[in-house]
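A closer look at the structure
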Amino acid sequence: MFEDTHVYYQTSKPGIGPGPHLGDYPLKSATLSNEMMSRSGKKALNVESPSFTPITLQQAAKKSTFSSQAASAAPFTPRGPSANTTPNPPQAADAPVFNPSNIREFQPQTFDISNAGSPNNQSAANDSTYSIENFGMAPIAQALPPPVPFNPYATSEHSAISSHGAAYYQPQFATPLAPPQYHLYAPIGPYREDLLPYQRVTHDFFISERLRDELQKKSHATLQTMPNSPLPQLEKYHSLFPLDTSNRKNTAIFGYPSWVFKAVSSKDGKYYCLRRLEGYRLTNEKAIHAAREWKKVINANVVTFHEAFTTRVFQDSSLIFCHDYHPLAQTLYEHHFATPQPHPRGRGLGPVAIPENVLWSYISQLSNALRAIHHAKLAARCLDMTKIIITDKNRIRLAATAILDVVQFEATQPRPVADLQQEDLVQFGKLMLALASSTPQADHVNNNIQRYMDSLPMKYSASLAEAISWLISPPAPGDKTKHIDTFISNIAMHVMNSADQALRASDSLTSELTRELENGRLVRLLCKLNTITERGEYAGEVAWSENGERYPLKLFRDYVFHQVDDQGRPVLDLGHMIRCLNKLDAAAEDRITLVTRDEQSVFVVSYKDLKLLLDRSFNELLKRTKQAQNSPGTVLVPGI
Ligand SMILES: Nc1ncnc2c1ncn2[C@@H]1O[C@H](COP(=O)(O)OP(=O)(O)OP(=O)(O)O)[C@@H](O)[C@H]1O
């Protein structure tokens, strides 16, 4: 089936050991027979081989493309991966090449590469950027074809062109819009100053160590289980894992001891935080329904509430509240006061004063939470250091929402929500006063408010003291202006600072994300490639992955990952690997030289050809996987 397929070959490379090598310019062209594409065929090839007479492109083969100078050129000594790519050598341009479209079964119409690749001559210019240390990535965008004019308004959704909207869109057609190109590594700051413009460091392609570490710890905490756990399984939740850091039974806040667990929902497999109130007896059904209102509160500073229910699986009557789970969350109390901190000015261990900007950030975030809650006609009722969690740097959320609405349902029924909201503001003020005075004991603060207020200006600005004082002081009778919205307008300047910090944090996360942008795609491509190569025997066909169309893919794998230099030493160039994979994914028209391990055959193929082979082989695998669907352990991964 490969009779009409042409390759370039060279017979041997003095001084180069076994293994794939950095490519060389072709010396002669030849027809690639079926035999040659199989392992056994490789050995049979040499210059004298009669099969080395091109059948269809004899004219081309006779051209001066393969000059006598080229044939007698000195053996190739690679200086770097610059020779890897045959950068559309002028002499190869019209010469016969390996052409999978000549393969009989080949259906090019099934693979749309209309946007992917036109000849380009960038490779040679970019090759000098390869090196292990800096592996300057060739700007892949340059290696891609010029943008194909794309008319986004020509589709049915954008019928403006054929309607009165046409005139409006006219200017856009002057510069046609191209579909977005992929394989882009646009540099997004902050930058290292000591690199040359074309240089990249390995970390440019991955998220920072700090963030990776943090996220990994969170994943680890999420997946943590307790072997031989004595904890029961609930009707809808299993794999309970305790989150409490102590086993003290504190009834101060809810009137019942409370225990916090991470659990997996049997319904959706996701992780949730369950809070159990021990020994709670439900006397009024309506109480539990009161919690439902909290499902409406979706806010960045409130832990989302899901449901409340009673259970007897703990051998008592317990009330359970289900909220979102935030791995490795700490309460404000744990964060600031649980472990004594070394004082920055060497005054021994003790609570360190919280910086004013952090306090303002907390004030802004809690104001945001209260605003959402009050606008939902609810009251937070529980603004305690042990019930506010930190889920990221300075990022706080109200954690124990809905609970008091249920447990104090009977007691608070007659109280208007406006009163409870006023109480929220006072509690908010007291909480901030306790944080600002580094006094975690709420009753100390409650009993000495004036004293703590008086000490504030020694450490913080007058505006902070003023804000706290406004929150704590009760409204004058009939004064309707004491509302969270009024408070937010009073502290607008600080809210803006907080918003700015949040935006900057989001910028730096975007920058981190950009580094990983292309990696997910490359991993999918690698998975695809590896499902094909080295598949020893498959469905009765011995060495399926070694034969026919798969063979160039195997050589390509060697070319990308198993390069050796002229001394036979491994070449470990990440830039080369990423670049090759990107070009494969983009189906670039650049050609590369693939050398068999015995160095008897050399193929010149384009990335586009390889991409076609890859897709075809993978689809074949997928088809067979579907046929074998009933066999145990078969997992279909659609859309790789
Ligand atoms: N939604 C949540 N997601 C993840 N962890 C949480 C969540 N809510 C609370 N936690 C964590 O669970 C642990 C226990 O919380 P809890 O509210 O019981 O605090 P506590 O200090 O033990 O208070 P108490 O003395 O009232 O029991 C804390 O470390 C807290 O950070």
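Residues numbered from 1 in each chain as written. Predicted model: local features only at pLDDT ≥ 70, side-chain atom pairs only at ≥ 80, totals over all residues. Heavy atoms only, no water.

**Some details on the overall build of the protein**
Check the secondary structure of the protein and you find 23 helices and 17 strands. A buried classification covers 46% of the 640 residues belonging to the protein. Within the protein, contacts between residues separated by at least 24 positions form 69% of all contacts whose residues are at least 6 apart in sequence. Carbon together with sulfur atoms contributes 55% to the accessible area of the protein, which is approximately 33100 Å² in total. (Helix = DSSP H or I, 4+ residues; strand = E, 2+ residues; numbered from the N terminus. Buried < 20%, exposed > 50% of the residue type's maximum accessible area, 1.4 Å probe, protein only. Contact = heavy atoms within 4.5 Å. Areas by Shrake-Rupley, 256 points an atom, 1.4 Å probe, with all protein chains shown as cover.)

**Quick look at the UniProt feature "binding site: ATP" (unreviewed entry) in the protein**
The sites that carry the UniProt feature "binding site: ATP" (unreviewed entry) are, in the present numbering, Arg275, Asp324, Tyr325, His326, Pro327, Leu328, Ala329, Gln330, Thr331, Thr386 and Lys387. Here, the largest pocket is lined by His326 and Pro327 out of the annotated residues. Structurally, His326 is set in the loop between strand S8 (318-324) and strand S9 (330-331). Residue contacts for His326: discarding those within four places in its chain leaves Val303, Ile389, Thr391 and Arg397. (UniProt positions renumbered as here; feature names shortened; annotations may be inferred. 1 Å grid on protein atoms, 1.4 Å probe; cavity = no way out; pocket = protein on both sides within 12 Å on 5 of 7 lines; lining within 4 Å.)

**Structural notes on the site of the ligand**
For the ligand, the set of nearby residues contains 18 residues, the closest of which are Arg248, Arg275, Asp324, Glu334 and Lys387. The separation between an oxygen atom of the ligand and a polar side-chain atom of Asp244 is 3.0 Å. In this structure, Asn250 approaches the ligand through a side-chain N or O atom, which is 3.1 Å from an oxygen atom. Relative to its unbound accessible area of 620 Å², the ligand is 96% covered by the protein chains. Taken atom by atom, the bulk of the ligand overlaps the second largest pocket. Contributions of two or more residues to the shell around the ligand are made by strand S6 (271-277) and S9. (Near = heavy atom within 4 Å. Polar contact = N/O pair within 3.5 Å; in protein donor to acceptor, adjacent residues only side chain to side chain. Sits in = over half its atoms within 2 Å of the grid points.)

**Quick look at the packing of helix H20 (residues 519-532) against helix H21 (residues 550-561)**
In the contact formed by H20 and H21, the axes pass within 10 Å of each other and the chain directions differ by 125°. Between H20 and H21, the angle falls in the class oblique. The handedness of the crossing between H20 and H21 comes out as left-handed. Residues Leu526, Leu529 and Ile532 of H20 touch H21, and the partners they reach there are Arg550, Leu553, Phe556 and Phe561. Of the residues contributing to the contact of H20 with H21, the split by class is six nonpolar, no polar and one charged. (Axes fitted to C-alpha atoms, helices over the stretch in contact; angles between N-to-C directions. Parallel < 35°, antiparallel > 145°, perpendicular 65-115°, else oblique. Left-handed = near helix turned anticlockwise from the far one by under 90°. Nonpolar A, V, L, I, M, F, W, Y, C, P; charged D, E, K, R; others polar.)

**Some points on the nonpolar core**
Formed by 66 residues in total, the largest nonpolar core has its most connected members in Phe321, Leu366, Phe428, Met432, Leu433 and Leu435. Top contributing element to this core by residue count: helix H11 (residues 356-375), with nine residues. Contact partners of Met432, with chain neighbours within four places excluded, come to Leu359, Tyr362, Ile363, Leu366 and Ile468. (Core = buried A, V, L, I, M, F, W, Y, C linked by side-chain atoms within 4.5 Å.)

**Section: the sheet that holds strand S4 (residues 237-242)**
Read across the sheet, five strands follow the order S4-S5-S6-S8-S7 without closing on themselves; strand pairing throughout is antiparallel. Strands with a single pairing partner mark the edges of an open sheet, and in this sheet they are S4 and strand S7 (305-311). Pairwise comparison of adjacent strand axes, ignoring direction, gives a mean angle of 30° for this sheet. (Pairing = 2+ DSSP bridges.)

**What about the pairing of S8?**
In terms of residue burial, S8 counts as a mostly covered element, since six of its seven residues are buried. Direction of pairing for S6 relative to S8: antiparallel, over a ladder of six bridges. Paired with Leu274 across the bridge in S8 is Cys322. As defined by bridge partners, S7 adjoins S8 across six bridges and the pair is classed as antiparallel. Counted as the bridge partner of Phe305 is His323 from S8. The hairpin turn running from S7 into S8, its antiparallel successor, is six residues long, and Gln315 in that turn takes a positive phi close to 65°.

**Notes on the sheet that holds S9**
Whether parallel or antiparallel, the strands of a sheet pair through hydrogen bonds between backbone atoms. Taken together, the three strands give an open sheet; going across it, the order is S9-S12-S13, and neighbouring strands pair in antiparallel fashion. The open sheet has two edge strands, S9 and strand S13 (395-398), and neither has a second partner. Bridge count between strand S12 (residues 388-392) and S13: four bridges; the pairing is antiparallel. Bridged to Ile390 within S13 is Ile396. Running over the sheet, H11 touches S12 and S13 and is turned about 30° from S13.

**Some thoughts on helix H8 (residues 209-223)**
In this model, H8 (15 residues) spans 21 Å end to end at C-alpha, consistent with the 21 Å of a helix rising 1.5 Å per residue. For H8, every residue scored as buried is listed here: Leu211, Lys218, Ala221 and Thr222. Seen end-on, H8 carries its buried residues on one side only, within an arc spanning 105°. Within H8, the exposed residues directed more than 90 degrees away from the buried face are His220 and Leu223. (Expected span 1.5 Å × (residues − 1). Arc of directions from axis to C-beta.)

**Concerning the layout of surface pockets**
Reported here for the largest pocket is a volume of approximately 1100 Å³. Every residue lining the largest pocket is counted, 37 residues in all, and those nearest its centre are Lys393, Arg395, Gln501, Ala502 and Ala505. Taken together, the elements giving at least two residues each to the lining of the largest pocket come down to H8, H11, S12, S13 and helix H19 (492-516). With 13 residues, the top contributor of residues to the lining of the largest pocket is H19. For the lining of the largest pocket, the residue count by class is eleven nonpolar, 15 polar and eleven charged. For the second largest pocket, the lining is made up of 33 residues, of which Leu243, Asp244, Val260, Thr331 and Glu334 are closest to its centre. Here the element with the most residues in the lining of the second largest pocket is strand S5 (residues 258-265); it accounts for three residues. Counted by class, the lining of the second largest pocket contains 16 nonpolar, ten polar and seven charged residues. (Points joined across faces, edges and corners; volume = space filled by probe spheres on them.)

**Topic: unusual backbone geometry**
Trans is the common state for peptide bonds, and a negative phi is the common state for residues other than glycine. Even without a glycine there, the phi angle at Glu534 is positive, about 60°. As for its position among the elements, Glu534 is in the loop between H20 and strand S14 (537-538). Take Glu534: its relative accessible area is 45%, and that puts it in the partly exposed class.

**Section: the side chain of Thr391**
Within the secondary structure layout, Thr391 lies in strand S12. A polar atom in the side chain of Thr391 sits 3.1 Å from the side chain of Arg397. Those residues in contact with Thr391 that lie beyond four places of it in its chain are Lys218, His326, Ala329 and Arg397.

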